[in-house]
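Working through the structure, step by step
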2 protein chains.
Amino acid sequence: MAKNKFKILIVGFGTVGKGFFDLFYEKRDLLKLGNVEISEIIDSAYGHIIDPNPKDPLPLKTAASEQNLSVTELIKNSDADLVCEFTWVNYTTAEPALSHIMAALHSGKHVVTTNKGPVALHFGSIMETARIHERLFKFKGTVMSGTPSFDLMDLIPGAKIKSVRGIMNGTTNFILSRIREGKDFDSALKEAQKLGYAENDPTNDIDGLDAAAKITIISKLLGWGHEFGDVERTGIRNVSTEEAKRGTKLIAYADKDKIYVKPTEVSDDILKDVNGTDNAIQFDTDTLGRITMIGPGAGKRETAQAAISDLVNILRISR
Amino acid sequence: MAKNKFKILIVGFGTVGKGFFDLFYEKRDLLKLGNVEISEIIDSAYGHIIDPNPKDPLPLKTAASEQNLSVTELIKNSDADLVCEFTWVNYTTAEPALSHIMAALHSGKHVVTTNKGPVALHFGSIMETARIHERLFKFKGTVMSGTPSFDLMDLIPGAKIKSVRGIMNGTTNFILSRIREGKDFDSALKEAQKLGYAENDPTNDIDGLDAAAKITIISKLLGWGHEFGDVERTGIRNVSTEEAKRGTKLIAYADKDKIYVKPTEVSDDILKDVNGTDNAIQFDTDTLGRITMIGPGAGKRETAQAAISDLVNILRISR
């Protein structure tokens, strides 16, 4: 019953890459993935290594013959079956992740990513490339990390999704929870930065770009025509204490006709009680009415769970 | 590309049976189930019909030659590929549903049910029978109707479930919501009965049997050893207005060591805000912490969605 090995190449060995590496080896036996292995790691800062030690993958040691090769060339040259793209997000060019994903698909590899940029900005061309090369492209981790989100649709076949809305950014939800408790915006933001929830340049979160990318991705999956650039977007810089107390949250919403991210009072709904860094997604359906999922939207281990879910899904379908 | 027909036999043509019949024909094209059909309906009151008219299945007309056959014999004689068992619940004997399910599996048919009795009381023997006959047994609709519940575990492979809890009975949650608003138990119960949420004999709901069956089913799926009879069970008859106001809900809970259904104060948690007939389920996991799903727990169309989800799942796996 010896099956061929299934090899994984990790591109990007920051928090997500390391989290995935650790969780993969923690769960490998439980998931009966004995013939699956992480065969290679590439990181633009650390370098490149083949057959990393599962217990201690660092430092990465680029071979002398590869010193002049780009990450894209290394991806193309790899004999991996699956590339996990875990580099940083960029909402303007989607690079370098977009080139990594395309190189992987063009060279016949499945792809898992947690990177919202390429999916939100180039969904159509990536899916088309995957289709042509008969490879799978999975991106569960782009929305609410490992907490079930758009994948919930797999559990309710036939249900028509009339609209989707949710709290899709934990940083802003944390800050709004603090404002609700009486803090001002600036000190709430500083606290979020101190706790590692917000970045030094917090604009992607605060101004709603992150949530806009997520609602665009869901909208694409539902076949609605909205583009990332179409999202009507207002951040949380001007939410008052009073508004926060009345249950104002940064809500991402889409239906077939409109898509937006903006501070919205949700005092009539369970969303008003989703606090701290938790995220939530609601589907309004024709068979179940409204269903709501609440859970973490970020985190090293939480995001690694998303990539593990995608990996298992790919193994189920492709073998 | 002509495939063989896949035939469905519905046993029990009450609310759930009719709801499934209607939803199946409503969603058949969308789900690309052109070669799947409801070939037969059996109901202990209405009778038996082969090839029912999709637009107007009633009245059922038992053939003269079948007047003396039992439902179990009719199931065995059927050429259906799948039996949908939709008869009434019985928490003492699990009959007649148990005999129907066993007859179906023994005669080589897959089974979908929404009936908690057989699953909660005879999980092991039904699963073993299904295994021996290489048939599938699916029962999504037994917990929270079509709202994702235990099937969420399919979306988080590798995650260890440490405990499960939830609000798994809509009738009692409705009554507790009313008590919270100041009504007394008796008038809240009468209102629930008037609205069709509670039955004339409300004991299965009020005394926690329904919730106990659901938490037993989830516990069985997780491989914990609890039996239905093991569930420590207290109903809602003695919940005071003050307790309801503090956020007391009828909570079903299980981990590997214990299982109970009892009024519990959940004021520290999102569950306190789940009101009316909505249900909720929470999983405490090792990779995501706590995740919560909220949605309808009953209803004609909602329960039909669960059976449609099971049907699609069976078609995916078995063909």
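Residues numbered from 1 in each chain as written. Chains lettered and ligands numbered in written order. Predicted model: local features only at pLDDT ≥ 70, side-chain atom pairs only at ≥ 80, totals over all residues.

**Overview of the relation of the copies chain B and chain A**
Convention followed: To line up the copies, we fit them by least squares on C-alpha atoms, keeping just the residues with pLDDT of at least 70 in both. Residues are treated as contacting if the C-beta atoms built from their backbones sit within 7 Å of each other.
Overlaying chain B on chain A yields an RMSD of 0.0 Å, the required transformation being a rotation through 180° with an accompanying axial translation of 0.0 Å. In symmetry terms, the pair is related by a two-fold rotation axis. Measuring from the rotation axis to each C-alpha of chain B, the shortest distance belongs to Met293(B), at 2.3 Å. With an isologous cut-off of 70% or more, the 100% of interface residues of chain B that recur at the interface of chain A puts this contact in the isologous class.

**Looking at the interface of chain B and chain A**
Quick note on the threshold: Each helix corresponds to a stretch of at least 4 residues labelled H or I by DSSP, and each strand to a stretch of at least 2 residues labelled E; elements are numbered beginning at the N terminus. Residues are sorted three ways: Asp, Glu, Lys and Arg are charged, Ala, Val, Leu, Ile, Met, Phe, Trp, Tyr, Cys and Pro are nonpolar, and all the rest, Gly among them, are polar. Two strands make a pair as long as DSSP finds a minimum of two bridges between them.
The interface of chain B with chain A comprises 32 residues on the first partner and 32 residues on the second. Those elements that place two or more of their residues in the side of chain B that touches chain A are α1 (15-27), β12 (289-296) and α10 (300-318) of chain B. Residues belonging to the side of chain B that touches chain A are distributed by class as follows: 18 nonpolar, nine polar and five charged. The sheet contact formed by strand β12 (residues 289-296) of chain A and β12(B) spans three bridges and is antiparallel. Bridging from a neighbouring strand, Thr292(A) pairs with Ile294(B) of β12(B).

**Focus: the sheet that holds strand β6 (residues 137-138) of chain A**
Residues and elements named next belong to chain A. To keep it simple, the criterion reads: Helix axes are fitted only over the stretch in contact, all axes being lines through C-alpha atoms; the angle between N-to-C directions runs from 0 to 180 degrees.
On the basis of which strands lie adjacent, the open sheet formed by six strands has the order β3-β2-β1-β4-β5-β6 and mixed pairing. If you trace the sheet from one side to the other, it starts and ends with β3 (47-50) and β6, each paired once. For strand β1 (residues 6-11) and strand β2 (residues 36-43), the ladder comprises six bridges, and the chain directions are parallel. By the bridge assignment for β2, lysine 7 is matched with glutamate 37. Sheet strands in contact with helix α3 (residues 97-106) are β1, β4 (82-85), β5 (110-113) and β6, and its direction is about 155° off that of β5.

**Observations concerning the sheet that holds strand β8 (residues 232-233) of chain B**
Ordered by their spatial adjacency, 12 strands build an open sheet running β8(A)-β10(A)-β9(A)-β7(A)-β11(A)-β12(A)-β12(B)-β11(B)-β7(B)-β9(B)-β10(B)-β8(B), and the pairing between neighbours is mixed. Both outer strands of the open sheet, β8 (232-233) of chain A together with β8 of chain B, are each paired with one neighbouring strand and no more. Relative to strand β11 (residues 278-285) of chain B, strand β7 (residues 161-167) of chain B is paired through six bridges, and the arrangement is antiparallel. Bridge pairing links Arg165(B) to Gln282(B) in β11(B). Strands β7 (161-167), β9 (248-255) and β11 (278-285) of chain A of the sheet are contacted by helix α5 (residues 170-180) of chain A, whose axis makes an angle of about 145° with β9(A).

**Considerations on the environment of Ser78(B)**
All names here are of chain B. Put simply, the rule reads: Field definition: a residue is buried when 20 or more other C-beta atoms are found within 10 Å of its C-beta, exposed when 12 or fewer are, and partly exposed for counts in between, with C-beta atoms placed from the backbone.
Within the secondary structure, serine 78 is located in the loop between α2 (71-77) and β4 (82-85). C-beta crowding within 10 Å serves as the criterion here: with 22 such atoms nearby, serine 78 is assigned to the buried category. Sequence separation between serine 78 and lysine 109 is 31 residues; the distance between their C-alpha atoms is 9.3 Å. The contacts of serine 78, once residues within four sequence positions are left out, are Leu9 and Glu40.

**Some points on the packing of helix α4 (residues 116-132) of chain B against helix α8 (residues 209-221) of chain B**
Residues and elements named next belong to chain B. Definition in use: Under this scheme an angle from 65 to 115 degrees is roughly perpendicular, one under 35 degrees roughly parallel, and one over 145 degrees roughly antiparallel; angles in between are oblique. Should the near helix be turned counterclockwise from the far one by less than a right angle, the crossing is left-handed, whereas a clockwise turn marks it as right-handed.
Following both chains from N to C, one finds α4 and α8 inclined at 50°, their axes separated by 9 Å at the closest point. One finds that α4 runs oblique with respect to α8. The interaxial crossing formed by α4 with α8 has left-handed handedness. Residues Lys116, Val119, Ala120 and Phe123 of α4 touch α8, and the partners they reach there are Ala213, Lys214, Thr216, Ile217 and Lys220. Across the contact of α4 with α8, the residue classes tally to five nonpolar, one polar and three charged.

**Considering the nonpolar core**
When a protein is soluble and globular, its nonpolar side chains tend to lie buried together. As a reminder of what qualifies: One nonpolar core equals one set of buried Ala, Val, Leu, Ile, Met, Phe, Trp, Tyr and Cys residues connected by C-beta atoms within 7 Å.
Counting 194 residues, the largest nonpolar core has Ile10(A), Ile215(A), Ile10(B) and Ile215(B) as its most contacted members. The contact partners of Ile10(B), leaving out residues within four places of it in the chain, are Gly17(B), Phe20(B), Phe21(B), Ile38(B), Ile41(B), Cys84(B) and Phe86(B).

**Thoughts on the confidence of the model for chain A**
It should be kept in mind that the predicted coordinates are not to be read in detail where pLDDT is low. Keep this limit in mind: For every residue, the pLDDT score states the predictor's confidence, bounded by 0 at the bottom and 100 at the top.
Overall, the prediction assigns chain A a mean pLDDT of 95, with 99% of residues at 70 or greater. Under the prediction, the complex receives an ipTM of 0.96, its pTM being 0.96.

**Regarding the pairing of β7(A)**
Residues and elements named next belong to chain A. Counting buried residues along β7, five of its seven residues qualify, which places the element largely inside the surrounding structure. Bridge count for β7 against β9 is four bridges, and the pairing is antiparallel. Counted as the bridge partner of glycine 166 is alanine 252 from β9.

**Here's the deal with α1(B)**
Defined as follows: What a helix is expected to span follows from its residue count: subtract one and scale by 1.5 Å.
Between its terminal C-alpha atoms α1(B) stretches 18 Å, which fits the 18 Å expected from 13 residues at 1.5 Å a residue. For α1(B), every residue scored as buried is listed here: Val16(B), Gly17(B), Gly19(B), Phe20(B), Phe21(B), Leu23(B), Phe24(B) and Lys27(B).

**Points about α4(B)**
Residue and element names in this part refer to chain B. Along its 17 residues, α4 runs 22 Å from first to last C-alpha, staying within 8% of the 24 Å computed at 1.5 Å per residue. Turning to α4, its buried residues number three or more, namely Lys116, Gly117, Pro118, Val119, Ala120, Leu121 and Ile126. Elements in contact with the buried residues of α4: α3 (97-106), β5 (110-113), β6 (137-138) and α8. Among the residues trailing α4, glutamate 134 stands out with phi positive, at a value near 50°.

**Topic: the domain arrangement of chain A**
Residue and element names in this part refer to chain A. Rule in force here: Reported domain spans reflect what an automatic or database domain assignment gives.
One can read the domain layout of chain A as domain 1 (6-146 + 300-318) and domain 2 (150-296). Taken over C-alpha atoms, the centre of domain 1 sits 27 Å from the centre of domain 2. With 12 residues of domain 1 in contact, the opposing surface of domain 2 contributes 16 residues. Here the side of domain 1 that touches domain 2 gets five residues from one element, more than from any other, and that element is helix α4 (residues 116-132). Residues that form the side of domain 1 that touches domain 2 fall into these classes: seven nonpolar, two polar and three charged.

**Looking at unusual backbone geometry**
In the segment running from Leu58(A) into Pro59(A), the intervening peptide bond is cis, with an omega of -5°. Inspection of the secondary structure puts Pro59(A) in the loop between β3 and α2 (71-77). Note the cis peptide between Glu95(B) and Pro96(B), where omega equals 5°. Along the polypeptide, Pro96(B) turns up in the loop between β4 and α3. Residue Glu134(A) is not a glycine yet carries a positive backbone phi of 55°.

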